[in-house]
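Residue-level structure breakdown
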Amino acid sequence: MKKYGFVYIWRDRKHNRYYIGSHWGSTEDGYICSSKWMKKSFKRRPEDFKRRIIETDITDVKYTRSREYYWLQLIDSSQLGKKYYNRSTMTSILYLDGT
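This text gives an overview of the structure that appears in the document.

1. With respect to the pairing of strand S2 (residues 17–25)
Taking burial as the measure, the 9 residues of S2 include 8 buried ones, the bulk of the element. Summarising the sheet, strand S1 (residues 4–12) and S2 pair through 9 bridges and their orientation is antiparallel. Counted as the bridge partner of Asp12 is Arg17 from S2. Following S1, the chain reverses through 4 residues before pairing antiparallel with S2; Asn16 in that reversal takes a positive phi of roughly 50 degrees.

Encoded structure:
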């Protein structure tokens, strides 16, 4: 399976909460997200979640992270941890140096 980067948004329809993230792999590889909070909710009630791919076919890992960062910056910081499972917009920027 060919690997590529993509940025996604999950919607939790029960709580009207979202999660933005990115992944290097495939949209079909079963990846959920890196948030323990969101994964825990997803495992309890997967029927309440729907993922939408925002960007796909990104050919560079660092660029994938930078695109995630772009989308995270659009979130009003007062909504982090409330309307969003994301608690910070800085998580993706930590990975831009390849660590």
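2. Points about the packing of aromatic side chains
Where two aromatic rings form a pair, the distance of their centres and the angle of their planes describe that pair. Counting across every chain of the model gives 11 aromatic pairs. Between Tyr70 and Trp71 the ring centres are 5.4 Å apart and the planes differ by 80 degrees, which places this aromatic pair in the edge-to-face class. Residue class for Trp71 comes out partly exposed when judged on its relative accessible area of 24%. Among the aromatic residues, those joined into a cluster by ring pairs are Tyr4, Phe6, Tyr8, Tyr19 and Tyr31. The residue whose ring lies beneath Arg17 is Tyr85, and the NZ or CZ to ring-centre distance is 5.1 Å. Residue placement shows Arg67 over the ring face of Tyr70; its charged tip is 4.4 Å from the ring centre.

3. Notes on the sheet that holds strand S3 (residues 49–58)
Spatial ordering of the open sheet is given by S2-S1-S3, a layout of 3 strands whose pairing is antiparallel. Where the open sheet ends on each side, the last strands, each with one partner, are S2 and S3. Going across the sheet, the axis of each strand differs from the next one's by a mean of 20 degrees, ignoring polarity. Pairing analysis gives 7 bridges linking S1 to S3, with the strands arranged antiparallel. Within S3, the position partnered with Arg11 by the bridge is Lys50. In this fold helix H1 (residues 36–44) packs onto S1, S2 and S3, with an angle of close to 130 degrees to the strand it touches most, S3. Relative to S2, helix H2 (residues 61–72) is tilted by about 170 degrees, and along the sheet it contacts S1, S2 and S3.

What counts as what
Residues numbered from 1 in each chain as written. Predicted model: local features only at pLDDT ≥ 70, side-chain atom pairs only at ≥ 80, totals over all residues. Heavy atoms only, no water. Buried < 20%, exposed > 50% of the residue type's maximum accessible area, 1.4 Å probe, protein only. Helix = DSSP H or I, 4+ residues; strand = E, 2+ residues; numbered from the N terminus. Pairing = 2+ DSSP bridges. Phe/Tyr/Trp six-rings, centres within 6.5 Å; stacked < 30°, edge-to-face > 60°. Lys NZ or Arg CZ within 6 Å of the ring centre and 35° of its normal. Axes fitted to C-alpha atoms, helices over the stretch in contact; angles between N-to-C directions. Contact = heavy atoms within 4.5 Å.

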